[in-house]
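So the chains spell out like this:
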Amino acid sequence: MIAALIAEIKPNSTWYLVLAALLFAIGTLGVMVRRNALVLFMCIELMLNAVNLSFVALAKEMDDINGQAVVFFVLVVAAAEVVIGLGIVVAIMRKRVSASVDDLAELKG
Amino acid sequence: MVAQNIFFAIFAVIMVVGALRVVTSNNVVHAALWLVTVLAGAAGQYILLSAEFVAVTQVLVYIGAVMVLFLFGTMLTRARLGEETDLNNKTWILGIPVALLLFGTMSYALIDSFGDEKLPEDATVVSTQVISDQIFGPYLIPFWALSFVLLAATIGAIVLARKD
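Figured I'd write up the structure that's included with this text. (Residues numbered from 1 in each chain as written. Chains lettered and ligands numbered in written order. Predicted model: local features only at pLDDT ≥ 70, side-chain atom pairs only at ≥ 80, totals over all residues. Heavy atoms only, no water.)

**Regarding the overall build of chain A**
Link 1 in the chain: Helix and strand content of chain A: 4 helices and 0 strands.
Link 2 in the chain: Put simply, chain A runs from its N terminus to its C terminus through helices and strands in the order α-α-α-α.
Link 3 in the chain: The buried share of chain A, taken over its 109 residues, is 56%.
Link 4 in the chain: Considering only contacts within chain A whose residues lie at least 6 apart along the sequence, 54% involve residues at least 24 apart.
Link 5 in the chain: Surface exposure of chain A reaches about 4500 Å², of which carbon and sulfur atoms provide 72%. (Helix = DSSP H or I, 4+ residues; strand = E, 2+ residues; numbered from the N terminus. Buried < 20%, exposed > 50% of the residue type's maximum accessible area, 1.4 Å probe, protein only. Contact = heavy atoms within 4.5 Å. Areas by Shrake-Rupley, 256 points an atom, 1.4 Å probe, with all protein chains shown as cover.)

**Some thoughts on the overall build of chain B**
Link 1 in the chain: Broken down by element type, chain B carries 6 helices and 0 strands.
Link 2 in the chain: Helices and strands in chain B line up, N terminus first, as α-α-α-α-α-α.
Link 3 in the chain: A compact globule built from 164 residues would reach a C-alpha radius of gyration of about 15 Å, whereas chain B, at 20 Å, exceeds it by more than 25%.
Link 4 in the chain: Its C-alpha atoms put chain B at 55 × 40 × 25 Å along the principal axes.
Link 5 in the chain: By the burial criterion, 35% of the 164 residues in chain B qualify as buried.
Link 6 in the chain: For chain B, long-range pairs separated by at least 24 residues make up 64% of all intrachain contacts whose partners lie at least 6 apart in sequence.
Link 7 in the chain: Positive and negative side-chain charges of chain B, numbering 7 and 11 respectively, have mean locations separated by a distance of 22 Å. (Rg over C-alpha atoms; globule rule 2.2 N^0.38 Å. Lys, Arg positive; Asp, Glu negative; His and termini not counted. Charge placed at Lys NZ, Arg CZ, Asp CG, Glu CD.)

**Points about unusual backbone geometry**
Outside of glycine, negative phi angles account for most residues, and trans bonds account for most peptide bonds.
Link 1 in the chain: The residue Asp63 of chain A is not glycine, and still its phi comes out positive at about 55°.
Link 2 in the chain: If you trace the backbone, Asp63 of chain A turns up in the loop between helix 3 (37-62) and helix 4 (66-93).
Link 3 in the chain: The phi angle at Ser50 of chain B is positive, at roughly 55°, despite the residue not being glycine.
Link 4 in the chain: Here Ser50 of chain B lies in the loop between helix 2 (28-48) and helix 3 (52-76).
Link 5 in the chain: In this structure Ser50 of chain B comes out as buried when scored by relative accessible area, which is 9%.

**With respect to the environment of Ala42 of chain B**
Residues and elements named next belong to chain B.
Link 1 in the chain: Relative to the elements of secondary structure, Ala42 occurs in helix 2.
Link 2 in the chain: Among the residues examined, Ala42 registers a relative accessible area of 2% and is labelled buried.
Link 3 in the chain: Along the sequence, Ala42 and Ile14 sit 28 residues apart, while their C-alpha atoms lie 9.6 Å from each other.

**Regarding a nonpolar patch on the surface**
Link 1 in the chain: Among the surface-exposed residues, Trp92, Ile93, Leu94, Ile96 and Leu100 of chain B lie close enough to one another that they form a single nonpolar patch of about 510 Å² accessible area.
Link 2 in the chain: Within the secondary structure, Leu100 of chain B is located in helix 4 (residues 95-114). (Patch = residues over 30% accessible without salt bridge, like charges linked within 9 Å, V, L, I, M, F, W, Y side chains within 5 Å. Salt bridge = Lys/Arg side-chain N within 4 Å of Asp/Glu carboxyl O.)

**Concerning the nonpolar core**
Link 1 in the chain: Counting 58 residues, the largest nonpolar core has Leu19 and Met42 of chain A together with Leu35 and Phe70 of chain B as the members making the most contacts within it.
Link 2 in the chain: Of all the secondary structure elements, the ones that give two or more residues to this core are helix 2 (13-33), helix 3 and helix 4 of chain A together with helix 1 (2-24), helix 2, helix 3 and helix 5 (128-135) of chain B.
Link 3 in the chain: The dominant element in this core, judged by the number of residues it contributes, is helix 3 of chain A, at 11 residues.
Link 4 in the chain: Contacts of Leu35 of chain B, omitting those with residues within four sequence positions, involve Met42, Glu45 and Leu46 of chain A together with Val22, Met67 and Phe70 of chain B. (Core = buried A, V, L, I, M, F, W, Y, C linked by side-chain atoms within 4.5 Å.)

**Observations regarding the packing of aromatic side chains**
Link 1 in the chain: Applying the stated criterion across every chain, the model contains 6 aromatic pairs over all chains.
Link 2 in the chain: Between Phe72 of chain A and Phe53 of chain B the ring centres are 5.3 Å apart and the planes differ by 40°, which places this aromatic pair in the tilted class. A residue pair is termed interchain when its members come from two chains, as with Phe72 of chain A in helix 4 and Phe53 of chain B in helix 3.
Link 3 in the chain: Residue class for Phe53 of chain B comes out partly exposed when judged on its relative accessible area of 30%. (Phe/Tyr/Trp six-rings, centres within 6.5 Å; stacked < 30°, edge-to-face > 60°.)

Shown next, in the form of C-alpha cells:
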C-alpha cells in the first residue's frame, strides 16, 4: 500500500531545487561560521555543487542540453579556484602557523 | 518512478547529513571525507536526472581530483589531523538564523515559481555525444577561454607555492 502511495507521487523538479537551496544554505553557513581556510574552501565547493544540481535538474525539466553543458564550466572554475586557493594558503602558511582566516588581519585599519 | 522517488530521498538524506557534518565537524580530515559523501550523493542525483556524463565527471573531478587536493592541502598546511577546538568563529551562533533565512527565502521563491511542475517521464538519457557536440560547437570559444583559465591557475599555483 505504501509502495502504491509512493508510486502516486511523481518526481518533481522542485524537490531537487529545494534540496539544492538547502545545500547552498548549509554551505553559506559554513562560510560564515568556520575559521579554517581549507574548510572554507570545502563549503564553497558545497555551494557550487548545489548550483550544479539545480542546473542539471532544470536541464531535465526543460529538456534543454545547455543546463548540462554549463555544469562543466562551473566544474572547471571550481577546480581552478581550489588550486589557486590552496596555493595562497600554502604561501601564507610559510609565514604563519595556523590556517585560520581570522589571524589574517593585515588590512584592518 | 517508485525507484526514483526512493533513491532521491536516500541520496537527499545522505547529502544533507554529509553537508551538516562538513559544517559542524571538528576535524579537518573528517570534514573533507564527509564532503565526499555529499559529492557522491550529487553524482547519484545526476544519474537519477539521466545526466550520466555529468555524474561520471563529478566522480572523476570532484571525488578524485579536488578531494586529493584538499587532503594534500591539509597536510601541507600542517593542520592538526585530530580534533580541533577553535574551528568555529566566536560569533558562530549568528550564522544559523542568517542561513535559515537564506534557505527560507530561496525555497519560497523556488516553490512559488516552479510549484509542482513534474519532471518529464519519458525524457531520453542525454548521451555524451550530445554534450560534446554542444561544448565543441556553440560553446567552443568559452571552452577555449576556460582552458586558458585553467592554464593560468596552474601557473599561478606554481608561482604562489614555489619556495624562493
